[in-house]
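# Chains, contacts and geometry: an overview
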Amino acid sequence: FMFISLIYRLQKYRMDQKQDTERKIASLQIKAIKNQIDPHFTLNILNAIGSLYASDENRNNADYIFGKYAKLLRQTVISSDQIIISLADEIEFVRNYLDLESFRSNNSFEYDLELSPGVDERMNIPRTLIHTFVENAIKYGIRKKPNGGKINIVIRNSGKVLQIIVEDNGPGLDLNDKSGNGTGKGLAIINELIDLYYKLEKSKISYKLCTMYNPDKIPSGTRVIIEMAS
């Protein structure tokens, strides 16, 4: 009886730990996507769409943008209780987000998302993993360029590792920014998310951030390389 009781307590402890990890990851993901569903974002999008509908020649574009926003909201609501989603769903969310951000900025930047052959889009990843780095690329890179911004995303297999590369052509990375307006807070969320995901799934995720330089050794953007076992 004591042996069975001990086994039961151990199983219950492990289950409680797993549920606690899931709750923490969900909380981090909510923080990571709050900018996509907060009133300010919604108001900007709806105001811009309303302006397009006011002109007959822009109605097709208004329908397209509204469809993008509806998809973003729909995916956010449907996956609100999920902490793990497929790579395909994350890619769709990122595409819709980038299209809307480009629209908000009067198409001041463009993006390219390359999915290499052989990548299994059904594989599971933490929700918002790619999106958080893409959001940082816009906030701290592209928005500092009045026009001509570019984001490149490459998703490929490197041996048995899934590699996700996100690049922007902004001013480069300032890891010494102490103002509280830099990437530090977002990276703190990512670091905790990765740690909790490992505890939950035993799947290791790592990333590297670096500033890119042009031939004249002038900062010309930021690159992040994310790796996880495929």
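It should be noted that the structure appears before, not after, this text.
In this report, we go over the structure that sits alongside the text. (Residues numbered from 1 in each chain as written. Predicted model: local features only at pLDDT ≥ 70, side-chain atom pairs only at ≥ 80, totals over all residues. Heavy atoms only, no water.)

## Looking at the nonpolar core
- Counting residues in each nonpolar core, the largest one holds 46 residues, and the members touching the most others are L87, L98, I151, I153 and I155.
- A per-element tally of this core places helix α4 (residues 87-104) first, with eight residues.
- Apart from residues lying up to four places away in sequence, I151 is in contact with L98, F109, E110, Y111, D112, A137, I138, I142, V166, E167 and D168. (Core = buried A, V, L, I, M, F, W, Y, C linked by side-chain atoms within 4.5 Å. Buried < 20%, exposed > 50% of the residue type's maximum accessible area, 1.4 Å probe, protein only. Helix = DSSP H or I, 4+ residues; strand = E, 2+ residues; numbered from the N terminus. Contact = heavy atoms within 4.5 Å.)

## Overview of the side chain of S86
- Relative to the helices and strands, S86 is located in strand β1 (residues 84-86).
- Apart from the residues within four sequence positions on either side, S86 is in contact with E121, R122, M123, N124 and I125.

## Some points on the packing of α4 against helix α5 (residues 129-140)
- For the pair α4 and α5, interaxial distance at closest approach is 9 Å and the crossing angle is 20°. Classified by the angle their axes make, α4 and α5 are roughly parallel. α4 and α5 meet at a crossing whose hand is right-handed. Across from L87, E90, F93, V94, Y97, L98 and E101 in α4, the residues of α5 making contact are L129, I130, H131, V134, E135 and I138.
- For the contact of α4 with α5, the residue count by class is nine nonpolar, one polar and three charged. (Axes fitted to C-alpha atoms, helices over the stretch in contact; angles between N-to-C directions. Parallel < 35°, antiparallel > 145°, perpendicular 65-115°, else oblique. Left-handed = near helix turned anticlockwise from the far one by under 90°. Nonpolar A, V, L, I, M, F, W, Y, C, P; charged D, E, K, R; others polar.)

## With respect to the packing of helix α3 (residues 59-78) against α4
- Put simply, α3 and α4 touch, their axes get as near as 9 Å, and they point 140° apart. Relative to α4, α3 is oriented oblique. Of the two elements, α3 crosses α4, and the hand of that crossing is left-handed. Every residue of α4 that contacts α3 at Y64, I65, K68, Y69, K71, L72, Q75 and T76 is listed here: D89, E90, E92, F93, N96, Y97, D99, L100 and F103.
- Partitioned by chemical class, the residues of the contact of α3 with α4 number eight nonpolar, three polar and six charged.

## Considering the pairing of strand β7 (residues 219-229)
- In this sheet, β7 lies alongside strand β5 (residues 161-168) in antiparallel orientation, the contact comprising eight bridges. Across the sheet, residue V161 finds its bridge partner in β7, namely A229.
- Taken together, the nine bridges between strand β6 (residues 205-213) and β7 define a ladder with antiparallel strand orientation. Bridged to M212 within β7 is G221.
- Between the antiparallel neighbours β6 and β7 lie five residues, among them K217 with a positive phi of about 65°. (Pairing = 2+ DSSP bridges.)

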